[in-house]
Amino acid sequence: MDDRRAQNHRAYISFLNILIHSQTEDELVYKLCLLLSSKESVYDYAWVGGPPTADGELMSVRAGDGLEASCPDLSVIRGDGADERGCPASIAMADRRTCLVQNIATDYNFSLWREEALKRGYSAAVSLLISPEIGVPWVITLYASGGYLFDAEELNLLGVLARGVGEAVHKLRLGDGRLRSMEALTKSEKMYRAVFENTGTGTIIIDHEMTILFSNERFEAMVGYTREEIDNRMKWSQFVAPEDLDRMQRYHYGRRKPGADIPIEYECRIHDKAKNLTYIYMKVGMIPGTMNSIASFMDITERKLAENSLRQSEAKLSAILTTFEGFIYIITTDRRLEFINRTLEERIGRNAVGELCHKVIYGLDTPCPWCTEKVFTGETVRQEVKSPKEDRWYFAVRTPIFDTDRRVIKVQSIVMDITDRKLTEEAIAASAKHLRKENLRLRSTIRERYKFGDIVGKSEVMQEVYELILNAAATNVHVMVYGESGTGKELVARAIHRMSDRSSKPFVPVNCGAISESIIESEFFGYKKGAFTGASADKKGFLDIADEGTLFLDEIGEIGLNMQVKLLRAIEGSGYTPVGGTLVRKPNIRIVAATNRNLKELVHKGLMREDFYYRVHIIPIKLPPLRKRKDDLPLLIDHFLSMYADGREVAPITGRILAAFTRYHWPGNIRELQNVLKRYVTLRKVDFMELMEVDTKAGEAEEEVALPDAGIGLTAAVEAFERKVIENALEKTRWQKGRAAEILGIHRKTLFTKMRKYELK
């Protein structure tokens, strides 16, 4: 529609020049036919007919070029075939009205004329009456081809043009002569006002000083001013954008100089009353015999914005294509290159457009085996291929390009070099395969080993422990290690840490039973300077130190209920606040806890929170006491003797001693065995028999406590007795405080308090 309006607009300008410039009726209609039949016109042919001037004809021909070859009407207005209603022109003349045939091929009202018109390739025709006020009327007939259809706006404009011709003929017949000035145009205001208002474009007439003499309704709408505000009051330069003003002024004054080469069609920008910018396409022509020009405008803002957006997109795409490190190319259905990006051109060493893609890019004489036909049937194909040309891996995305009928006419390929990634994947796969084999080998041979890290033993129960350690190390969940004192719970914790992903981070052991309730929070969470008396500097707590590593909580059952709540919040992700601090810290820690107590019983008694228990008790590992793994005694003895010998010759353990070791129940477990062997290496004797002869009779202890001397009170006597009982329990357990507290039936902290009171060290 816009193209048709533009052509009508150009024809309108030329039509006004014909009206102004013609001196005779014949000149007027002849030029009009030439204009409407020109290459710039949308019509194929035009002719003008009038009343008959000789016998045997229904109409006379007033104007028309190449009549015999181009005019199908001659067969029905002349000679024997004359038919007064045999063509649209004769109907228009006879009925004094417009006659329209939109589709000649399906209109059977004019059989002979229809046959002649189709021979000449016409598809539509219209005949319009030219009716001057003086003299006989004429008819102008227009032909179009290629399925052209006349629309209502166009027919309206053609009617205006026909009336304008009639007015001009009338003027000529009155002897007014040539229409050449604004005065003459003003007298015909009714005619050109109708033309102006029906062009579909904004139109103005400008004088030599750039004053707008006349404007139409469409121009009003474009600029936002009324005709009363514009005509003879405003200048054309007031509407031109500042960036285009100098050029418009040069064109305006230049076209008024003889011989100046000034374009008549161009683009510029104008602004309306609200200062909104509009892109326009304009055509300007001088009115002959005057210093006035006539200009028409077409709003092309949407097109210009689309063009600008397209240019920006093209610039972005060009930048992508230029900087893209992979290959981009487009091939036709016969696999010839139509486009290659710069990276591919540099790799090939030339512009290979037109050559076969498989030969140029991959060095193959036949199409690539991976170039699937699926893409030529409309599917997008993604695949990894190995080029035989340089033995490198590529990832390719091939996308079909369709024509308007959804047929694949081209294929676009985006290819990226993934050789490094593939080599890495192959290395990872090989490594994973090796690790799987190593893991199987390790698991199959672990039962034959006698040592797992620092843990010694190859008994069946220890093999089960090793398997649990491996499973725990492969995860990041919390672990609970159960075992009597001296069974090696910390060694297990360290083994889990060393084999886990946290091995490069800190392992922080904490003896929970040795920390006083009054300072346990500051020990775990740290404190800020000035938090309490003596806090002279910031101090990190255990959770801070163990961040991203492993926190080993030995004797976790000794932690009080209040501290359990705070620890639970910290390890569940809510974080903690250092004593005296305000900022919440959220540590990333893994807890491995250990205990020699029955935690479920503590939960039942209310000494441990159930939620805290289930949070730390995820993977349980139970260490057997030494009395249940005596098969490992020879390995353990050999290990400790080698450790403490330090190059010295050590007397061998005799069969009698080994038998005694085997019979002994080892209440102190590995730690007790370790101490016995250390004394053996140091003192070169075994005090093992004394261990077996420890007197456990309560009566002997009572005899060793003498009655108090006269003058000593009951309190002092009771304290002396208590001190002796505690000392005996400690000696019996080789100063294992936890074991001694169990024998005495008191809490470990109570034992520590009494040991300080009686100065037992």
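Structure: above.
Read on for a plain summary of the structure.

### Examining the environment of Pro-263
With respect to the helices and strands, the residue Pro-263 is situated in the loop between helix H12 (242–254) and strand E8 (265–271). As a C-alpha pair, Pro-263 and Tyr-251 span twelve residues in sequence and 7.6 Å in three-dimensional space. Apart from residues no more than four positions distant in its own chain, Pro-263 is found in contact with Tyr-251 and Arg-255.

### Observations concerning the pairing of strand E21 (residues 590–595)
With respect to burial, E21 is a largely interior element, six of its six residues being buried. With burial as the criterion, each face of E21 is covered, one bearing Arg-590, Val-592 and Ala-594 and the other bearing Ile-591, Ala-593 and Thr-595. Sheet analysis places strand E18 (residues 479–482) next to E21, joined by four bridges and oriented parallel. Directly across from Val-479, in E21, lies its bridge partner Val-592. Pairing of strand E20 (residues 550–554) with E21 involves five bridges; the strand directions are parallel. Residue Thr-550 lies in a different strand from E21, and its bridge partner there is Arg-590. Regarding topology, helix H21 (residues 561–572) serves as the crossover connection from E20 to the parallel E21, and that connection is right-handed.

### So, the pattern of salt bridges
One pass over the full model with this rule turns up 42 salt bridges. Of the charged contacts in the structure, one is a salt bridge between Lys-31 and Glu-27, with a shortest N-O distance of 2.7 Å. Taken together, the residues span about one helical turn, with Lys-31 and Glu-27 both in helix H2 (residues 25–37) at a distance of four residues. On the basis of relative accessible area, Lys-31 is assigned to the partly exposed category, the value being 28%. Its salt-bridge partner being Glu-484, residue Arg-627 comes within 2.5 Å of it at the nearest N-O pair. Residue Arg-627 is located in the loop between strand E22 (619–622) and helix H24 (633–645), and its partner Glu-484 is located in the loop between E18 and helix H18 (489–499); the two are separated by 143 residues in the primary sequence. Judged by relative accessible area, Glu-484 falls into the partly exposed class, the value being 29%. One network of salt bridges, in which partners are shared, links Glu-115, Glu-116, Lys-119 and Arg-120.

### Overview of the packing of helix H17 (residues 460–473) against H18
As a packed pair, H17 and H18 sit with axes 8 Å apart at the nearest point and diverge in direction by 45°. By the angle between their directions, the pair H17 and H18 is classed as oblique. Crossing of H17 over H18 shows right-handed handedness. Seen from H17, the contacting residues are Ile-469, Leu-470, Ala-472 and Ala-473; seen from H18, they are Val-492, Ala-495, Ile-496 and Met-499. Looking at the contact of H17 with H18, its residues break down into eight nonpolar, no polar and no charged.

### Focus on unusual backbone geometry
Positive phi values are uncommon outside glycine, yet Glu-548 reaches one of about 70°. Note on Glu-548: relative accessible area 37%, which makes it partly exposed.

### Quick word on the layout of surface pockets
For the largest pocket, the calculated volume is near 670 Å³. Looking at the largest pocket, it is lined by 29 residues, and the ones nearest its centre are Gly-486, Thr-487, Gly-488, Lys-489 and Arg-671. Elements with a contribution of two residues or more to the lining of the largest pocket: strand E17 (455–456), H18, strand E19 (507–511), E20, H24, helix H26 (669–683) and helix H30 (737–744). Ranked by residues supplied to the lining of the largest pocket, first place goes to H24 with four residues. Split by residue class, the lining of the largest pocket holds ten nonpolar, nine polar and ten charged.

### Points about the nonpolar core
Within the largest apolar cluster, 31 residues are counted, with the highest numbers of intra-cluster contacts made by Phe-524, Leu-543, Leu-551, Leu-553 and Ile-556. Broken down by element, this core gets its largest block of residues, five residues, from H21. When residues no more than four places from it in sequence are discounted, the contact partners of Leu-551 are Val-508, Val-510, Phe-524, Phe-542, Leu-543, Ala-546, Ile-589, Arg-590, Ile-591 and Val-592. In terms of nonpolar packing, the next biggest core, distinct from the first, is built from 30 residues, Leu-32, Val-48, Ala-63 and Tyr-148 among them.

Criteria and thresholds
Residues numbered from 1 in each chain as written. Predicted model: local features only at pLDDT ≥ 70, side-chain atom pairs only at ≥ 80, totals over all residues. Heavy atoms only, no water. Helix = DSSP H or I, 4+ residues; strand = E, 2+ residues; numbered from the N terminus. Contact = heavy atoms within 4.5 Å. Buried < 20%, exposed > 50% of the residue type's maximum accessible area, 1.4 Å probe, protein only. Pairing = 2+ DSSP bridges. Right-handed = clockwise from strand over helix to strand, strands pointing away. Salt bridge = Lys/Arg side-chain N within 4 Å of Asp/Glu carboxyl O. Axes fitted to C-alpha atoms, helices over the stretch in contact; angles between N-to-C directions. Parallel < 35°, antiparallel > 145°, perpendicular 65-115°, else oblique. Left-handed = near helix turned anticlockwise from the far one by under 90°. Nonpolar A, V, L, I, M, F, W, Y, C, P; charged D, E, K, R; others polar. 1 Å grid on protein atoms, 1.4 Å probe; cavity = no way out; pocket = protein on both sides within 12 Å on 5 of 7 lines; lining within 4 Å. Points joined across faces, edges and corners; volume = space filled by probe spheres on them. Core = buried A, V, L, I, M, F, W, Y, C linked by side-chain atoms within 4.5 Å.

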